[in-house]
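Breakdown of the fold
Residue strings, one per chain:
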Amino acid sequence: MIRVDRVALSGLRARGHHGVFPKEREEGQTFLVDLVLGLDTRPAAADDDLTKTVHYGIVAEEVVAVVEGEPVNLVETLAERIAQVCLKHDVVQEVEVRVHKPDAPITVPFDDVTVTIIRSRA
């Protein structure tokens, strides 16, 4: 197992139109995304150089664009798309993506629904 450093972003918030029900597609809802990016931060730290690490501001914008973008039926599909966007950054070796759907159409009281996936280059 490769040991990597972690850069985390929590609570990225965006409105999307994902879901299997027409109301979800029409009205949309808020999704929250937590990311843990696995990478080696030593080269960036040694040279104090942003170009040698992941620019988490850009990653955040890209993730929000995915959530706000083309609707999908499943949160699992949304999480996979987010993971693939994160792995396009050369220094990112792995990513953990947690997508929250706090307004999911469930008929009983609940706090949150999440899907968590882990993807890597290997």
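Look above for the structure.
Figured I'd write up the structure that's included with this text. Each chain has its residues counted from 1, running along the sequence as written. For a predicted model such as this one, the threshold for reporting local features is a pLDDT of at least 70, and the threshold for listing and counting side-chain atom pairs is 80 or more; totals across whole chains, interfaces and linings nevertheless cover every residue. With hydrogens and water set aside, each side-chain value is computed from the structure's full complement of heavy atoms.

Topic: a nonpolar patch on the surface
The grouping of Val 20, Phe 21 and Leu 74 at the surface amounts to a nonpolar patch, some 280 Å² of accessible area in total. Put simply, DSSP H or I for four residues or longer makes a helix, DSSP E for two residues or longer makes a strand, and each gets a number counted from the N terminus. Note that Leu 74 resides in the loop between helix 3 (56-68) and helix 4 (75-87). For every residue, the accessible area obtained with a 1.4 Å probe (protein chains only) is divided by the maximum for its type, and the residue is called buried under 20%, exposed over 50%, and partly exposed between those limits. Residue Leu 74 is classed as partly exposed on the basis of its relative accessible area of 42%. To count toward a patch, a residue needs a relative accessible area above 30% and no salt bridge. Like charges then connect within 9 Å, nonpolar side chains (Val, Leu, Ile, Met, Phe, Trp, Tyr) within 5 Å. Per-residue accessibility takes into account occlusion by the displayed protein chains alone, with areas from the Shrake-Rupley method and a 1.4 Å probe. Note on definitions: salt bridges are taken to be side-chain nitrogens of Lys or Arg within 4 Å of carboxyl oxygens of Asp or Glu.

Quick look at the sheet that holds strand 4 (residues 114-120)
At least two DSSP bridges between two strands are required for those strands to pair. With antiparallel pairing, the four strands of this open sheet are ordered in space as 1-2-3-4. Edge positions in the sheet fall to strand 1 (5-16) and strand 4, since each has one partner strand and no second. With strand direction ignored, the average angle separating the axes of adjacent strands in the sheet is 15°. Working rule for contacts: check all heavy atoms of both residues, and any pair within 4.5 Å makes them a contact. Orientation is described by axes fitted as lines to C-alpha atoms, over the contacting stretch for helices, and by angles from 0 to 180 degrees between their N-to-C directions. Strands strand 1 and strand 2 (29-39) of the sheet are contacted by helix 3, whose axis makes an angle of about 35° with strand 1.

Topic: helix 4
Helix length check: helix 4, at 13 residues, gives a terminal C-alpha distance of 18 Å against a target of 18 Å (1.5 Å per residue), a fit within 8%. Where helix 4 is buried, its residues meet strand 2, helix 3, strand 3 (94-100) and strand 4. Under the convention used throughout, the expected extent of a helix is 1.5 Å for every residue step, that is, one less than its residue count.

Quick notes on the pattern of salt bridges
For the coordinates displayed, the defined rule picks out seven salt bridges. One salt bridge in this structure joins Arg 42 and Asp 40, with 2.9 Å as the shortest N-O distance. For Arg 42, a relative accessible area of 60% translates into the label exposed. The exposure class of Asp 40 is partly exposed, given its relative accessible area of 24%.

Focus on the nonpolar core
Grouped together as the largest cluster of nonpolar side chains are 30 residues, with contacts concentrated most on Val 33, Leu 35, Leu 37, Ile 82, Val 97 and Val 99. Where this core is concerned, the elements lending two or more residues are strand 1, strand 2, helix 3, helix 4, strand 3 and strand 4. Sequence-distant contacts of Leu 35, that is, excluding residues within four places in its chain, are made with Val 7, Ala 8, Leu 9, Leu 12, Val 59, Val 63, Ile 82, Cys 86, Val 95, Glu 96 and Val 97. Take the buried residues of types Ala, Val, Leu, Ile, Met, Phe, Trp, Tyr and Cys, join any two whose side-chain atoms come within 4.5 Å, and each joined set is a nonpolar core.

Remarks on unusual backbone geometry
The backbone of Asp 48 shows a phi angle near 50°, a positive value even though the residue is not glycine. Its place among the elements puts Asp 48 in the loop between helix 2 (42-47) and helix 3.

Re the side chain of Lys 101
Mapping Lys 101 onto the fold places it in the loop between strand 3 and strand 4. Apart from residues lying up to four places away in sequence, Lys 101 is in contact with His 18, Gly 19, Glu 24, Gln 29, Phe 31, Val 75, Phe 110, Asp 112 and Val 113.

Remarks on the environment of Val 7
Tracing the chain through its elements places Val 7 in strand 1. Once the C-alpha coordinates of Val 7 and Lys 52 are considered, the two residues, 45 residues apart in sequence, prove to be 13 Å apart. Sequence-distant contacts of Val 7, defined by excluding residues within four places in its chain, comprise Leu 35, Val 36, Leu 37, Leu 39, Thr 41, Val 54 and Tyr 56.

It is worth stressing that arrangement in space is one thing and function is another; only the former is reported here.
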